[in-house]
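Here's the letter readout for the chains.
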Amino acid sequence: MPGTISHSGITMSFEEKTDKEGLIEFYSSYREMFEFFCNNTTIHGAIRLVCSRNNRMKTAFWLVLFLVTFGLMYWQFGLLFGQYFSYPVSISVNVNSNKLFFPAVTVCTLNPYRYQSIQDDLEKLDRDTQEILLNLYAYNGTGIQGRVPTGRRRREAEAPLPYPLEKIPITDSHHRNVRSVNSNESEAEMEVKRQDWNFGFKLCNETGGDCFFKTYSSGVDAIQEWYRFQYINILARVPKHRDIKEEQLENFIFACRFNEEHCLNDRNFSHFHHAIYGNCYTFNHNRTESETWNSSMPGIKNGLTLVLRTEQHDYIPLLSSVAGARVLVHGHREPAFMDDAGFNIQPGVETSIGLKKETVSRLGGDYSDCSEDGSDVGVVDLYNSDYTQQVCVRSCFQTIMVQRCGCAYAFYPLPDGAEFCDYEKHPSWGKTMKEAGY
(Lines give C-alpha, C1' and ligand atoms only; values in the text may rest on other atoms or scores of the structure.)
Protein backbone atom coordinates (compact mmCIF):
# COMPACT_ATOMS: atom_id res chain seq x y z
CA MET A 1 0.00 0.00 0.00
CA PRO A 2 1.65 3.26 -1.02
CA GLY A 3 1.80 6.12 1.50
CA THR A 4 3.90 8.86 3.16
CA ILE A 5 5.23 9.40 6.68
CA SER A 6 6.28 12.90 7.86
CA HIS A 7 7.95 13.63 11.17
CA SER A 8 9.91 16.75 12.21
CA GLY A 9 10.16 17.96 8.71
CA ILE A 10 11.45 14.59 7.39
CA THR A 11 9.35 12.99 4.85
CA MET A 12 9.82 9.31 3.79
CA SER A 13 7.89 7.55 1.12
CA PHE A 14 7.89 3.81 0.42
CA GLU A 15 6.22 1.28 -1.85
CA GLU A 16 5.50 -2.32 -0.85
CA LYS A 17 6.85 -4.94 -3.34
CA THR A 18 6.18 -8.64 -3.47
CA ASP A 19 8.66 -10.97 -5.32
CA LYS A 20 7.76 -14.60 -6.08
CA GLU A 21 10.44 -17.36 -6.57
CA GLY A 22 9.98 -19.29 -9.81
CA LEU A 23 10.29 -23.05 -10.33
CA ILE A 24 13.28 -22.55 -12.66
CA GLU A 25 15.71 -19.71 -12.06
CA PHE A 26 17.61 -18.33 -15.04
CA TYR A 27 20.79 -16.33 -14.71
CA SER A 28 20.59 -12.79 -15.94
CA SER A 29 23.91 -13.13 -17.84
CA TYR A 30 26.56 -15.67 -18.81
CA ARG A 31 29.00 -13.89 -16.54
CA GLU A 32 26.78 -14.46 -13.54
CA MET A 33 26.40 -18.13 -14.44
CA PHE A 34 30.14 -18.52 -14.93
CA GLU A 35 30.90 -16.86 -11.61
CA PHE A 36 28.44 -19.13 -9.84
CA PHE A 37 30.08 -22.19 -11.41
CA CYS A 38 33.57 -21.04 -10.52
CA ASN A 39 32.62 -20.24 -6.92
CA ASN A 40 30.94 -23.59 -6.30
CA THR A 41 32.98 -26.08 -8.34
CA THR A 42 35.83 -28.19 -6.95
CA ILE A 43 37.99 -27.56 -10.00
CA HIS A 44 41.03 -25.79 -8.66
CA GLY A 45 41.70 -23.72 -11.79
CA ALA A 46 38.11 -22.48 -12.10
CA ILE A 47 38.24 -20.97 -8.60
CA ARG A 48 41.47 -19.19 -9.45
CA LEU A 49 39.77 -17.58 -12.42
CA VAL A 50 37.30 -15.81 -10.13
CA CYS A 51 39.58 -15.08 -7.22
CA SER A 52 42.31 -13.59 -9.36
CA ARG A 53 40.09 -11.46 -11.55
CA ASN A 54 41.76 -8.31 -10.27
CA ASN A 55 45.09 -9.67 -11.66
CA ARG A 56 44.60 -10.02 -15.38
CA MET A 57 47.84 -11.89 -15.94
CA LYS A 58 47.00 -14.52 -13.36
CA THR A 59 43.48 -14.77 -14.73
CA ALA A 60 44.79 -15.24 -18.23
CA PHE A 61 47.24 -17.93 -17.04
CA TRP A 62 44.56 -19.92 -15.26
CA LEU A 63 42.19 -19.49 -18.18
CA VAL A 64 44.74 -20.91 -20.60
CA LEU A 65 45.59 -23.74 -18.21
CA PHE A 66 41.91 -24.51 -17.73
CA LEU A 67 41.25 -24.69 -21.47
CA VAL A 68 44.34 -26.82 -22.13
CA THR A 69 43.35 -29.42 -19.51
CA PHE A 70 39.83 -29.61 -20.90
CA GLY A 71 41.25 -29.97 -24.39
CA LEU A 72 43.56 -32.82 -23.29
CA MET A 73 40.68 -34.56 -21.55
CA TYR A 74 38.48 -34.54 -24.64
CA TRP A 75 41.45 -35.52 -26.80
CA GLN A 76 41.90 -38.62 -24.63
CA PHE A 77 38.17 -39.33 -24.91
CA GLY A 78 38.53 -39.20 -28.67
CA LEU A 79 41.41 -41.68 -28.64
CA LEU A 80 39.52 -44.12 -26.40
CA PHE A 81 36.31 -44.03 -28.44
CA GLY A 82 38.28 -44.27 -31.68
CA GLN A 83 40.08 -47.40 -30.46
CA TYR A 84 36.84 -48.91 -29.19
CA PHE A 85 34.98 -48.48 -32.48
CA SER A 86 37.91 -49.80 -34.52
CA TYR A 87 37.30 -53.30 -32.96
CA PRO A 88 40.91 -54.34 -32.38
CA VAL A 89 41.64 -58.10 -32.17
CA SER A 90 44.53 -59.63 -30.28
CA ILE A 91 45.50 -63.15 -31.45
CA SER A 92 48.22 -65.28 -29.90
CA VAL A 93 49.26 -68.38 -31.89
CA ASN A 94 51.79 -70.91 -30.66
CA VAL A 95 53.07 -73.48 -33.16
CA ASN A 96 54.78 -76.47 -31.59
CA SER A 97 56.60 -79.13 -33.56
CA ASN A 98 56.97 -81.68 -30.80
CA LYS A 99 57.28 -85.30 -31.88
CA LEU A 100 54.36 -87.63 -31.21
CA PHE A 101 54.46 -91.36 -30.67
CA PHE A 102 53.15 -93.03 -33.80
CA PRO A 103 50.17 -95.33 -33.00
CA ALA A 104 50.18 -99.07 -33.42
CA VAL A 105 48.83 -100.38 -36.74
CA THR A 106 47.47 -103.91 -37.13
CA VAL A 107 46.84 -105.53 -40.52
CA CYS A 108 45.21 -108.94 -40.97
CA THR A 109 45.05 -111.23 -44.00
CA LEU A 110 41.23 -111.76 -43.90
CA ASN A 111 42.10 -115.41 -44.45
CA PRO A 112 41.00 -117.60 -41.49
CA TYR A 113 43.52 -120.28 -40.73
CA ARG A 114 42.65 -123.95 -41.05
CA TYR A 115 44.19 -125.62 -38.01
CA GLN A 116 45.70 -129.03 -38.76
CA SER A 117 44.34 -130.49 -35.53
CA ILE A 118 40.73 -129.75 -36.52
CA GLN A 119 41.06 -130.17 -40.30
CA ASP A 120 38.74 -133.20 -40.32
CA ASP A 121 36.07 -131.34 -38.32
CA LEU A 122 36.23 -128.38 -40.69
CA GLU A 123 35.89 -130.64 -43.72
CA LYS A 124 32.86 -132.30 -42.17
CA LEU A 125 31.35 -128.87 -41.48
CA ASP A 126 32.00 -127.86 -45.10
CA ARG A 127 30.28 -131.00 -46.40
CA ASP A 128 27.19 -130.39 -44.28
CA THR A 129 27.11 -126.77 -45.42
CA GLN A 130 27.28 -127.89 -49.05
CA GLU A 131 24.24 -130.09 -48.54
CA ILE A 132 22.34 -127.21 -46.96
CA LEU A 133 23.17 -124.89 -49.87
CA LEU A 134 22.16 -127.58 -52.33
CA ASN A 135 18.80 -128.20 -50.64
CA LEU A 136 17.97 -124.54 -50.09
CA TYR A 137 19.20 -122.90 -53.28
CA ALA A 138 20.22 -125.80 -55.57
CA TYR A 139 23.77 -124.45 -55.35
CA ASN A 140 26.57 -126.95 -55.73
CA GLY A 141 29.73 -125.58 -54.10
CA THR A 142 31.74 -128.82 -54.31
CA GLY A 143 35.24 -128.36 -55.56
CA ILE A 144 35.33 -124.55 -55.57
CA GLN A 145 38.14 -122.62 -53.96
CA GLY A 146 38.28 -123.26 -50.24
CA ARG A 147 35.85 -126.23 -50.42
CA VAL A 148 36.35 -129.96 -50.06
CA PRO A 149 37.48 -131.61 -53.34
CA THR A 150 34.91 -133.65 -55.25
CA GLY A 151 36.91 -136.83 -54.94
CA ARG A 152 36.56 -136.89 -51.15
CA ARG A 153 33.27 -138.53 -50.33
CA ARG A 154 31.39 -138.32 -47.11
CA ARG A 155 31.71 -141.39 -44.97
CA GLU A 156 28.48 -143.30 -44.47
CA ALA A 157 29.04 -143.91 -40.77
CA GLU A 158 29.71 -140.25 -40.06
CA ALA A 159 27.38 -138.85 -37.41
CA PRO A 160 25.48 -135.65 -38.30
CA LEU A 161 26.35 -132.39 -36.63
CA PRO A 162 24.25 -131.50 -33.59
CA TYR A 163 21.84 -128.58 -33.79
CA PRO A 164 21.22 -128.81 -37.56
CA LEU A 165 19.86 -125.90 -39.56
CA GLU A 166 16.12 -126.29 -40.09
CA LYS A 167 13.14 -124.73 -41.85
CA ILE A 168 10.47 -123.41 -39.54
CA PRO A 169 6.94 -122.41 -40.64
CA ILE A 170 6.28 -118.72 -39.96
CA THR A 171 2.70 -119.43 -38.84
CA ASP A 172 3.86 -121.95 -36.26
CA SER A 173 4.49 -119.77 -33.21
CA HIS A 174 5.50 -122.78 -31.11
CA HIS A 175 7.83 -124.11 -33.83
CA ARG A 176 5.94 -127.37 -34.27
CA ASN A 177 6.29 -129.63 -37.32
CA VAL A 178 9.87 -128.51 -37.87
CA ARG A 179 11.38 -129.80 -41.09
CA SER A 180 15.13 -130.20 -41.43
CA VAL A 181 16.82 -128.91 -44.55
CA ASN A 182 19.11 -131.91 -44.47
CA SER A 183 16.27 -134.15 -45.57
CA ASN A 184 16.12 -135.56 -49.10
CA GLU A 185 12.92 -133.71 -49.97
CA SER A 186 13.41 -131.33 -52.92
CA GLU A 187 12.14 -127.80 -53.16
CA ALA A 188 9.50 -128.80 -55.72
CA GLU A 189 7.92 -131.15 -53.22
CA MET A 190 7.49 -128.46 -50.58
CA GLU A 191 3.84 -127.80 -49.83
CA VAL A 192 4.39 -124.10 -49.16
CA LYS A 193 6.44 -121.39 -50.85
CA ARG A 194 9.86 -120.39 -49.57
CA GLN A 195 8.67 -117.06 -48.20
CA ASP A 196 6.37 -118.97 -45.83
CA TRP A 197 9.37 -120.35 -43.94
CA ASN A 198 12.01 -119.07 -41.55
CA PHE A 199 15.45 -120.60 -41.13
CA GLY A 200 17.16 -121.31 -37.85
CA PHE A 201 18.61 -123.81 -35.42
CA LYS A 202 17.61 -124.72 -31.91
CA LEU A 203 19.62 -124.34 -28.71
CA CYS A 204 18.80 -126.57 -25.75
CA ASN A 205 19.77 -127.11 -22.15
CA GLU A 206 21.90 -129.98 -20.89
CA THR A 207 19.03 -132.48 -20.96
CA GLY A 208 17.74 -131.35 -24.35
CA GLY A 209 14.26 -130.69 -23.01
CA ASP A 210 14.18 -126.89 -22.84
CA CYS A 211 14.94 -125.54 -26.32
CA PHE A 212 14.32 -122.43 -28.33
CA PHE A 213 14.98 -121.54 -31.96
CA LYS A 214 17.34 -118.88 -33.23
CA THR A 215 15.52 -117.93 -36.43
CA TYR A 216 16.33 -115.73 -39.43
CA SER A 217 14.17 -114.59 -42.33
CA SER A 218 17.12 -114.90 -44.72
CA GLY A 219 18.62 -118.27 -45.50
CA VAL A 220 22.02 -116.71 -46.16
CA ASP A 221 22.10 -115.06 -42.72
CA ALA A 222 20.97 -118.30 -41.11
CA ILE A 223 23.70 -120.33 -42.80
CA GLN A 224 26.41 -117.84 -41.84
CA GLU A 225 25.34 -117.72 -38.18
CA TRP A 226 24.93 -121.49 -38.04
CA TYR A 227 28.37 -121.99 -39.60
CA ARG A 228 29.90 -119.52 -37.12
CA PHE A 229 28.27 -121.32 -34.19
CA GLN A 230 29.58 -124.68 -35.38
CA TYR A 231 33.03 -123.16 -36.01
CA ILE A 232 33.23 -121.84 -32.44
CA ASN A 233 32.61 -125.32 -31.07
CA ILE A 234 35.22 -126.83 -33.38
CA LEU A 235 37.69 -124.08 -32.48
CA ALA A 236 37.49 -125.09 -28.83
CA ARG A 237 39.19 -128.39 -29.73
CA VAL A 238 42.41 -126.69 -30.85
CA PRO A 239 45.21 -127.53 -28.41
CA LYS A 240 46.40 -124.76 -26.12
CA HIS A 241 49.65 -124.40 -28.02
CA ARG A 242 47.55 -123.67 -31.12
CA ASP A 243 49.27 -125.56 -33.90
CA ILE A 244 49.58 -122.56 -36.18
CA LYS A 245 52.25 -122.58 -38.79
CA GLU A 246 53.08 -118.90 -38.70
CA GLU A 247 53.14 -117.31 -42.09
CA GLN A 248 56.31 -115.55 -43.11
CA LEU A 249 56.06 -111.79 -42.72
CA GLU A 250 57.34 -111.18 -46.25
CA ASN A 251 54.58 -113.37 -47.73
CA PHE A 252 51.93 -110.85 -46.64
CA ILE A 253 53.80 -107.54 -46.34
CA PHE A 254 55.90 -106.90 -49.41
CA ALA A 255 57.24 -103.49 -48.41
CA CYS A 256 57.27 -101.24 -45.34
CA ARG A 257 58.49 -97.67 -45.11
CA PHE A 258 58.19 -95.24 -42.21
CA ASN A 259 59.43 -91.64 -42.57
CA GLU A 260 61.13 -92.79 -45.78
CA GLU A 261 63.04 -95.46 -43.83
CA HIS A 262 62.90 -99.20 -44.43
CA CYS A 263 60.98 -100.98 -41.62
CA LEU A 264 60.25 -104.49 -42.90
CA ASN A 265 61.80 -106.72 -40.23
CA ASP A 266 60.55 -108.90 -37.41
CA ARG A 267 61.63 -106.42 -34.72
CA ASN A 268 59.05 -103.86 -35.83
CA PHE A 269 56.13 -106.30 -36.09
CA SER A 270 54.43 -108.60 -33.59
CA HIS A 271 52.27 -111.49 -34.75
CA PHE A 272 49.01 -112.98 -33.48
CA HIS A 273 46.26 -115.08 -35.01
CA HIS A 274 42.59 -114.16 -35.19
CA ALA A 275 40.05 -116.93 -35.73
CA ILE A 276 38.06 -114.85 -38.24
CA TYR A 277 40.61 -112.44 -39.75
CA GLY A 278 43.54 -114.84 -39.99
CA ASN A 279 47.18 -113.92 -39.46
CA CYS A 280 47.61 -110.41 -38.06
CA TYR A 281 50.74 -108.30 -37.79
CA THR A 282 51.02 -105.24 -35.55
CA PHE A 283 53.50 -102.46 -36.22
CA ASN A 284 54.96 -100.42 -33.33
CA HIS A 285 53.26 -102.42 -30.55
CA ASN A 286 54.42 -103.07 -26.97
CA ARG A 287 57.75 -101.36 -27.48
CA THR A 288 59.78 -99.33 -25.03
CA GLU A 289 59.68 -95.54 -25.21
CA SER A 290 63.09 -95.40 -26.82
CA GLU A 291 62.13 -97.99 -29.47
CA THR A 292 58.72 -96.52 -30.34
CA TRP A 293 58.55 -94.85 -33.74
CA ASN A 294 57.90 -91.11 -33.64
CA SER A 295 56.31 -88.72 -36.11
CA SER A 296 56.52 -84.94 -36.26
CA MET A 297 55.14 -84.04 -39.70
CA PRO A 298 51.87 -84.98 -41.45
CA GLY A 299 51.62 -86.43 -44.92
CA ILE A 300 52.05 -89.77 -46.64
CA LYS A 301 55.82 -89.54 -46.81
CA ASN A 302 56.09 -88.98 -43.04
CA GLY A 303 53.81 -91.87 -42.05
CA LEU A 304 53.62 -95.62 -42.49
CA THR A 305 53.43 -97.07 -45.99
CA LEU A 306 52.70 -100.78 -46.51
CA VAL A 307 52.41 -102.89 -49.64
CA LEU A 308 50.29 -105.98 -48.90
CA ARG A 309 49.63 -109.20 -50.77
CA THR A 310 46.17 -110.79 -50.76
CA GLU A 311 45.87 -114.59 -50.74
CA GLN A 312 42.61 -116.55 -51.07
CA HIS A 313 43.78 -120.08 -51.68
CA ASP A 314 42.69 -121.37 -48.26
CA TYR A 315 40.01 -118.98 -47.08
CA ILE A 316 36.73 -120.02 -45.40
CA PRO A 317 33.97 -118.25 -47.35
CA LEU A 318 31.25 -118.31 -44.69
CA LEU A 319 33.59 -116.79 -42.11
CA SER A 320 35.18 -114.21 -44.36
CA SER A 321 33.27 -113.28 -47.48
CA VAL A 322 35.60 -110.45 -48.58
CA ALA A 323 39.07 -110.25 -50.08
CA GLY A 324 41.71 -107.76 -49.02
CA ALA A 325 43.07 -106.85 -45.61
CA ARG A 326 41.70 -105.76 -42.25
CA VAL A 327 43.30 -102.65 -40.73
CA LEU A 328 43.08 -101.20 -37.23
CA VAL A 329 44.87 -98.20 -35.70
CA HIS A 330 45.11 -98.33 -31.89
CA GLY A 331 47.28 -97.50 -28.91
CA HIS A 332 50.75 -98.92 -28.31
CA ARG A 333 49.71 -101.03 -25.33
CA GLU A 334 46.11 -101.72 -26.30
CA PRO A 335 44.93 -105.05 -27.73
CA ALA A 336 43.74 -105.10 -31.32
CA PHE A 337 39.94 -105.49 -31.34
CA MET A 338 39.51 -106.02 -35.06
CA ASP A 339 35.72 -106.47 -34.82
CA ASP A 340 35.06 -103.13 -33.12
CA ALA A 341 37.01 -100.45 -34.94
CA GLY A 342 38.79 -102.20 -37.81
CA PHE A 343 37.95 -101.67 -41.47
CA ASN A 344 38.58 -103.56 -44.69
CA ILE A 345 40.65 -102.35 -47.63
CA GLN A 346 40.16 -103.88 -51.05
CA PRO A 347 43.01 -105.25 -53.16
CA GLY A 348 44.26 -103.52 -56.28
CA VAL A 349 43.90 -99.96 -54.95
CA GLU A 350 45.92 -97.51 -52.89
CA THR A 351 44.25 -96.49 -49.64
CA SER A 352 45.32 -93.46 -47.59
CA ILE A 353 44.35 -93.04 -43.94
CA GLY A 354 44.67 -89.75 -42.08
CA LEU A 355 44.29 -89.45 -38.31
CA LYS A 356 43.89 -86.57 -35.88
CA LYS A 357 44.82 -87.09 -32.25
CA GLU A 358 42.74 -85.51 -29.50
CA THR A 359 43.62 -85.94 -25.84
CA VAL A 360 40.93 -85.48 -23.17
CA SER A 361 41.93 -85.29 -19.50
CA ARG A 362 39.11 -85.64 -17.00
CA LEU A 363 39.23 -84.52 -13.38
CA GLY A 364 39.19 -87.24 -10.80
CA GLY A 365 37.93 -87.38 -7.25
CA ASP A 366 34.49 -85.84 -6.79
CA TYR A 367 34.36 -84.62 -10.39
CA SER A 368 34.36 -88.01 -12.14
CA ASP A 369 33.82 -91.68 -11.45
CA CYS A 370 36.05 -92.80 -14.34
CA SER A 371 38.78 -95.34 -13.70
CA GLU A 372 42.38 -94.52 -14.51
CA ASP A 373 43.94 -97.98 -14.73
CA GLY A 374 41.02 -100.32 -13.95
CA SER A 375 42.36 -101.28 -10.52
CA ASP A 376 39.18 -100.00 -8.85
CA VAL A 377 36.76 -101.75 -11.22
CA GLY A 378 37.01 -105.23 -9.77
CA VAL A 379 37.41 -107.03 -13.12
CA VAL A 380 40.51 -109.08 -13.91
CA ASP A 381 42.21 -107.84 -17.06
CA LEU A 382 42.52 -110.95 -19.24
CA TYR A 383 44.50 -109.09 -21.91
CA ASN A 384 47.37 -107.91 -19.66
CA SER A 385 47.31 -104.52 -21.39
CA ASP A 386 46.45 -100.91 -20.64
CA TYR A 387 42.96 -100.37 -19.30
CA THR A 388 40.31 -99.44 -21.87
CA GLN A 389 36.55 -99.72 -21.91
CA GLN A 390 36.54 -102.64 -24.35
CA VAL A 391 39.17 -104.48 -22.32
CA CYS A 392 36.92 -104.16 -19.27
CA VAL A 393 33.76 -105.19 -21.14
CA ARG A 394 35.28 -108.28 -22.75
CA SER A 395 37.07 -109.38 -19.60
CA CYS A 396 33.85 -108.95 -17.61
CA PHE A 397 31.84 -110.90 -20.20
CA GLN A 398 34.33 -113.77 -20.21
CA THR A 399 34.25 -113.94 -16.40
CA ILE A 400 30.44 -114.07 -16.34
CA MET A 401 30.47 -116.61 -19.19
CA VAL A 402 32.64 -118.96 -17.15
CA GLN A 403 30.40 -118.52 -14.10
CA ARG A 404 27.11 -119.19 -15.90
CA CYS A 405 28.10 -121.66 -18.60
CA GLY A 406 31.14 -123.33 -17.07
CA CYS A 407 33.22 -122.54 -20.15
CA ALA A 408 34.82 -119.60 -21.95
CA TYR A 409 34.01 -117.91 -25.26
CA ALA A 410 36.49 -119.04 -27.93
CA PHE A 411 37.17 -115.55 -29.33
CA TYR A 412 38.27 -114.04 -25.99
CA PRO A 413 41.30 -114.86 -23.80
CA LEU A 414 41.02 -117.98 -21.71
CA PRO A 415 40.91 -117.42 -17.92
CA ASP A 416 43.04 -119.57 -15.65
CA GLY A 417 41.52 -122.97 -14.94
CA ALA A 418 38.80 -122.64 -17.62
CA GLU A 419 38.29 -124.25 -21.02
CA PHE A 420 36.63 -123.05 -24.20
CA CYS A 421 32.98 -123.85 -24.88
CA ASP A 422 32.21 -126.96 -26.91
CA TYR A 423 28.73 -128.48 -27.19
CA GLU A 424 30.25 -131.95 -26.81
CA LYS A 425 31.33 -131.00 -23.27
CA HIS A 426 28.98 -128.10 -22.53
CA PRO A 427 25.73 -128.76 -24.46
CA SER A 428 23.85 -125.79 -22.96
CA TRP A 429 26.40 -123.01 -23.47
CA GLY A 430 24.78 -121.67 -26.64
CA LYS A 431 21.36 -121.39 -25.02
CA THR A 432 22.79 -119.68 -21.93
CA MET A 433 24.70 -117.12 -23.97
CA LYS A 434 21.73 -116.33 -26.25
CA GLU A 435 19.41 -115.92 -23.29
CA ALA A 436 21.88 -113.40 -21.89
CA GLY A 437 21.31 -111.33 -25.03
CA TYR A 438 24.74 -111.76 -26.58
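Residues numbered from 1 in each chain as written. Predicted model: local features only at pLDDT ≥ 70, side-chain atom pairs only at ≥ 80, totals over all residues. Heavy atoms only, no water.

Trainee: Can you break down the UniProt feature "transmembrane region" (unreviewed entry) in the protein chain residue by residue, with the values?
Mentor: Within the UniProt annotation, "transmembrane region" (unreviewed entry) is assigned to residues 60-85. The span residues 60-85 carries 100% helix and 0% strand; its end-to-end C-alpha distance comes to 37 Å. (UniProt positions renumbered as here; feature names shortened; annotations may be inferred. Helix = DSSP H or I, 4+ residues; strand = E, 2+ residues; numbered from the N terminus.)

Trainee: I'd like a rundown of the sheet that holds strand β15 (residues 325-330), residues and numbers included.
Mentor: Strand order across the open sheet formed by five strands is β11-β12-β4-β15-β16, with antiparallel pairing between neighbours. The sheet is open, and its two edges are formed by β11 (269-274) and β16 (343-345), each paired on a single side. Neighbouring strand axes in the sheet, compared pairwise and without regard to direction, differ in orientation by 30° on average. Note: β15 against β16, three bridges, orientation antiparallel. Considered in β16, the bridge of Ala 325 is made with Ile 345. (Pairing = 2+ DSSP bridges. Axes fitted to C-alpha atoms, helices over the stretch in contact; angles between N-to-C directions.)

Trainee: Can you explain the nonpolar core? Please cite residues and give values.
Mentor: Counting 53 residues, the largest nonpolar core has Tyr 231, Leu 235, Phe 411 and Trp 429 as its most contacted members. With sequence-adjacent residues up to four places away left out, Tyr 231 is seen in contact with Tyr 113, Tyr 115, Leu 122, Leu 125, Ala 275, Ile 276, Ile 316 and Leu 319. If you look at the next biggest cluster of nonpolar residues, it comprises 17 residues, including Ile 253, Cys 256, Phe 258 and Phe 283. (Core = buried A, V, L, I, M, F, W, Y, C linked by side-chain atoms within 4.5 Å. Buried < 20%, exposed > 50% of the residue type's maximum accessible area, 1.4 Å probe, protein only. Contact = heavy atoms within 4.5 Å.)

Trainee: Can you break down the pairing of strand β12 (residues 278-283) residue by residue, with the values?
Mentor: Among the six residues that make up β12, six are buried, leaving the element largely enclosed by the rest of the structure. Two elements, strand β4 (residues 104-108) and β12, share four bridges in a ladder whose sense is antiparallel. Bridge pairing in β12 places Val 107 opposite Tyr 281. Bridge count for β11 against β12 is six bridges, and the pairing is antiparallel. The residue bridging His 271 from the neighbouring strand is Tyr 281, located in β12.

Trainee: Residues and numbers for helix α4 (residues 119-137), please.
Mentor: Over its 19 residues, α4 runs 26 Å from end to end, which matches the ideal 27 Å to within 8%, given 1.5 Å per residue. Of the residues trailing α4, Ala 138 is marked for its positive phi of about 55°. (Expected span 1.5 Å × (residues − 1).)

Trainee: If you had to explain the side chain of Arg 326 to someone new, which residues and values would you point to?
Mentor: Here Arg 326 shows up in strand β15. Summary of buried charges: Arg 326 has no salt-bridge partner, and the nearest side chain of opposite charge, Asp 339, is 5.2 Å away. Within the local environment of Arg 326, its side chain forms a polar contact with the backbone oxygen of Met 338, the two atoms lying 2.8 Å apart. Side-chain polar atoms of Arg 326 contact the backbone oxygen of Gly 342, separated by 3.1 Å. The contacts of Arg 326, once residues within four sequence positions are left out, are Thr 106, Val 107, Cys 108, Leu 110, Tyr 277, Met 338, Asp 339, Gly 342, Phe 343 and Asn 344. (Lys, Arg positive; Asp, Glu negative; His and termini not counted. Salt bridge = Lys/Arg side-chain N within 4 Å of Asp/Glu carboxyl O. Polar contact = N/O pair within 3.5 Å; in protein donor to acceptor, adjacent residues only side chain to side chain.)

Trainee: Hey, could you go over the state of the cysteines for me, with residue numbers and the actual values?
Mentor: Following the criterion strictly, the structure yields four disulfides and no others. For Cys 108, the disulfide goes to Cys 280, at an S-S distance of 1.9 Å. Taking the torsion about the S-S bond as the criterion, the Cys 108 to Cys 280 disulfide, at about 110°, is right-handed. Here Cys 108 is found in strand β4, whereas its partner Cys 280 is found in strand β12, with 172 residues between them in sequence. Since its relative accessible area comes to 0%, Cys 108 is described here as buried. Of the residues examined, Cys 280 reaches a relative accessible area of 0% and is grouped as buried. At a sulfur-sulfur separation of 1.8 Å, the disulfide partner of Cys 256 is Cys 263. Measuring handedness by torsion sign, the sulfur bridge of Cys 256 and Cys 263 sits at about -90° and is left-handed. (Disulfide = S-S within 2.5 Å.)

Trainee: For unusual backbone geometry, give the residues involved together with the corresponding values.
Mentor: Positioned with a positive phi, Asn 259 is a non-glycine residue whose angle comes to about 50°. Position of Asn 259 among the secondary structure elements: in the loop between β9 (253-258) and β10 (261-262). Unlike most non-glycine residues, Glu 260 shows phi in positive territory, near 65°. Mapped onto the fold, Glu 260 is located in the loop between β9 and β10.

Trainee: Account for the packing of aromatic side chains, with residues named and values stated.
Mentor: Considering all chains together, one arrives at 20 aromatic pairs under this definition. Relative to Trp 429, the ring of Phe 229 has its centre 5.4 Å away and its plane inclined at 25°; by these criteria the two rings are stacked. Of this pair, Phe 229 sits in helix α5 (residues 219-235) while Trp 429 sits in helix α9 (residues 429-435), and the two are 200 residues apart along the sequence. An angle of 70° between the planes, with centres 5.4 Å apart, marks the rings of Tyr 409 and Phe 411 as edge-to-face. A relative accessible area of 5% means that Tyr 409 is categorised as buried. Among the aromatic residues, those joined into a ring-pair cluster are Phe 102, Phe 258, Phe 269, Phe 283 and Trp 293. (Phe/Tyr/Trp six-rings, centres within 6.5 Å; stacked < 30°, edge-to-face > 60°.)

Trainee: A description of the pattern of salt bridges should follow, citing residues and the corresponding values.
Mentor: Enumeration according to the criterion identifies seven salt bridges in this entry. A salt bridge links Arg 237 to Asp 422, with the nearest nitrogen and oxygen atoms 3.1 Å apart. You can see Arg 237 sitting in the loop between α5 and α6 (249-252) and its partner Asp 422 sitting in the loop between α8 (389-405) and α9, a full 185 residues away along the chain. Overall, the relative accessible area of 4% leaves Asp 422 in the buried class. Between Arg 394 and Asp 340 there is a salt bridge; the shortest N-O distance is 2.7 Å. You can see Arg 394 sitting in helix α8 and its partner Asp 340 sitting in helix α7 (residues 338-341), a full 54 residues away along the chain. With a relative accessible area of 9%, Arg 394 lands in the buried category. Taken together, the shared-partner salt bridges connect Asp 121, Arg 237, Asp 422 and Glu 424 into one network.

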